[in-house]
Amino acid sequence: MPKLKPSKGAPYARILGVGGYRPTRVVPNEVILEKIDSSDEWIRSRSGIETRHWANDEETVAAMSIEASGKAIADAGISAEQIGGVIVSTVSHFKQTPAVATEIADKLGTNKAAAFDISAGCAGFGYGLTLAKGMIVEGSAEYVLVIGVERLSDLTDLEDRATAFLFGDGAGAVVVGPSKEPAIGPTVWGSEGDKSETIKQTVPWTDYRVGEVDKFPAITQEGQAVFRWAVFEMAKVAQQALDAAGITPDDLDVFIPHQANERIIDSMVKTLKLPEHVTVARDVRTTGNTSAASIPLAMERLLATGEAKSGDTALVIGFGAGLVYAATVVTLP
Amino acid sequence: MAATQEEIVAGLADIVNEIAGIPVEDVQLDKSFTDDLDVDSLSMVEVVVAAEERFDVKIPDEDVKNLKTVGDATDYILKHQG
């Protein structure tokens with residue numbers, strides 16, 4: 001048998017740059033209230049959400065991704081030709097073949113980078129980041145772009161008073177590259193398929209095509225069950241990610257949970273007993289829940305406003321439909 | 001040892017006070033969590049999880065919606081406590 005050459009990667013990986021794109025149209029709660037019997041006060045008290053962004057026809061999944069990625073590439077200080085992999089996490093790109101990642105890789109000017117889409121709901125960013133880190137350490141790419149992008153407004157039932165106000169659109173991207181020091185901790189991730197009914201698309205596309213249902217598919221969820229799982233089970237996962245990285249809450253500078261709902265964020269902070277000095281991302285207030293895009297968008301905003309700074313230690317955790325989750329500790333770019 | 005009805009109401013009063021800031025003396029058997037005690041559906045989940053821990057009882061998601069009043073919760077815990 002011939003002896004195969006081993007692949008040779010970087011010792012470690014780190015996030016080198018981050019970028020975000022928020023659609024130009026800002027949608028306040030008043031617009032949501034045109035179709036549901038609720039109030040601005042009720043929406044704010046249940047979710048913390050004041051406004052969200054909805055994409056227009058030109059702000060496609062690919063277009064938003066390219067904008068966010070361009071900023072992330074510039075922030076990383078590399079050129080697009082150096083990117084060897086493009087990973088796109090989305091559940092709201094409605095042309096499933098080919099993968100939208102290939103169009104994005106091409107339009108950004110990468111040199112035929114490996115490109116593929118993944119589906120991991122609101123944990124998509126952490127899933128993508130973990131794959132990127134593996135590719136870099138294994139040696140199949142030097143730089144990998146991880147994009148979380150959603151147009152959840154296309155999957156929102158505007159007449160459902162429990163979810164109509166929750167979702168938003170946008171794209172967040174990071175460039176992951178080689179590092180001499182560990183800067184992305186071990187990922188604690190997993191799935192609980194026995195809870196697949198907790199958050200889901202109402203019906204398959206095929207049911208809509210054959211006319212079995214009148215209403216376009218939308219995302220629906222069991223609010224109380226999601227809240228319990230997100231707060232109490234995910235707090236355990238977050239703690240495991242801290243343990244795996246070998247740090248304690250005291251060592252943290254920043255906490256960036258998936259921006260699902262501010263009440264979940266508040267309860268997680270309480271359950272995790274995070275110290276006062278930890279900056280907590282609350283981008284959900286003005287961005288809504290953008291699923292896979294929420295963590296990189298929140299990261300970008302914290303860095304842009306100066307609430308967080310390059311080199312800070314951040315705990316990131318995504319959780320959502322599947323149910324799936326992924327948590328890790330990262331050094332901010 | 002299993003908690004008595006009185007102990008459960010007192011425990012729930014502590015929990016509701018901690019989570020929603022309601023004075024403990026307002027937490028009575030006939031009070032509705034949402035209508036009288038300002039405990040909304042999400043805070044109710046926090047009350048339930050705290051009660052599970054305190055009284056060694058499991059309250060599945062599908063049963064939470066039936067616990068409208070402090071009395072409902074007290075009866076449930078009396079019946080199911082470990």
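An unreviewed UniProt entry lists chain B under the name Acyl carrier protein, with Streptomyces caeruleatus as the source organism. Database annotation for chain B, UniProt heading Pathway (unreviewed entry): "Lipid metabolism; fatty acid biosynthesis." For chain B, the Subcellular location (unreviewed entry) comment in UniProt is given as "Cytoplasm".

The name an unreviewed UniProt entry gives chain A is Beta-ketoacyl-[acyl-carrier-protein] synthase III, with Streptomyces curacoi as the organism. Its UniProt record gives chain A the following Sequence similarities (unreviewed entry) comment, quoted word for word: "Belongs to the thiolase-like superfamily. FabH family."

What follows covers the nonpolar core. Ile32, Met234, Phe255, Ile264, Leu315, Ile317 and Phe319 of chain A are the most contacted members of the largest nonpolar core, which totals 50 residues. At the level of secondary structure, the elements contributing two or more residues to this core comprise α7 (223-245), α8 (262-272), β13 (313-320) and β14 (324-331) of chain A together with α3 (41-55) of chain B. Looking at which element gives the most residues to this core, the answer is α7 of chain A, with twelve residues.

With that settled, the discussion passes to the packing of aromatic side chains. All names here are of chain A. This structure, assessed with the given rule, holds eight aromatic pairs over all chains. Taken together, a centroid distance of 5.3 Å and an interplanar angle of 90° make the contact between Tyr208 and Phe216 edge-to-face. Linked through ring pairs, Phe94, Trp205, Tyr208 and Phe216 together constitute an aromatic cluster.

Residue and element names in this part refer to chain B. One pass over the structure, following the stated rule, counts one cavity of 30 Å³ or more. The computed volume of the largest cavity comes to approximately 40 Å³. Forming the walls of the largest cavity are Leu12, Met44, Val47, Val48, Ala51, Ile59, Leu67, Ala73 and Ile77. Put simply, the parts of the chain that give the lining of the largest cavity at least two residues each are α3 and α5 (70-80). Looking at the lining of the largest cavity, its residues break down into nine nonpolar, no polar and no charged.

As annotated in UniProt, the feature "domain: Carrier" (unreviewed entry) corresponds to residues 3-81 of chain B in the numbering used here. Segment residues 3-81 of chain B splits into 65% helix and 0% strand. End C-alpha atoms: 8 Å apart.

As a further point, take the UniProt feature "domain: Beta-ketoacyl-[acyl-carrier-protein] synthase III N-terminal" (unreviewed entry) in chain A. Residues annotated by UniProt as "domain: Beta-ketoacyl-[acyl-carrier-protein] synthase III N-terminal" (unreviewed entry) correspond here to residues 116-193 of chain A. Structurally, residues 116-193 of chain A comprises 19% helix and 35% strand, and the distance from its first C-alpha atom to its last is 23 Å.

Here we take up the sheet that holds strand β12 (residues 279-280) of chain A. Residue and element names in this part refer to chain A. What the five strands build is an open sheet, ordered β8-β14-β13-β11-β12; its pairing is mixed. Strand pairing shows two members of the sheet lacking a second neighbour, β8 (188-191) and β12, which therefore form its edges. As defined by bridge partners, β13 adjoins β14 across eight bridges and the pair is classed as antiparallel. Looking at the pairing, Val316 lines up with Thr328 of β14. Sitting on the sheet, helix α5 (residues 124-138) touches β8 and β14, and the angle it makes with β14 is about 60°.

Scoring rules and cut-offs
- Residues numbered from 1 in each chain as written.
- Chains lettered and ligands numbered in written order.
- Predicted model: local features only at pLDDT ≥ 70, side-chain atom pairs only at ≥ 80, totals over all residues.
- Heavy atoms only, no water.
- UniProt positions renumbered as here; feature names shortened; annotations may be inferred.
- Core = buried A, V, L, I, M, F, W, Y, C linked by side-chain atoms within 4.5 Å.
- Buried < 20%, exposed > 50% of the residue type's maximum accessible area, 1.4 Å probe, protein only.
- Helix = DSSP H or I, 4+ residues; strand = E, 2+ residues; numbered from the N terminus.
- Phe/Tyr/Trp six-rings, centres within 6.5 Å; stacked < 30°, edge-to-face > 60°.
- 1 Å grid on protein atoms, 1.4 Å probe; cavity = no way out; pocket = protein on both sides within 12 Å on 5 of 7 lines; lining within 4 Å.
- Points joined across faces, edges and corners; volume = space filled by probe spheres on them.
- Nonpolar A, V, L, I, M, F, W, Y, C, P; charged D, E, K, R; others polar.
- Pairing = 2+ DSSP bridges.
- Contact = heavy atoms within 4.5 Å.
- Axes fitted to C-alpha atoms, helices over the stretch in contact; angles between N-to-C directions.

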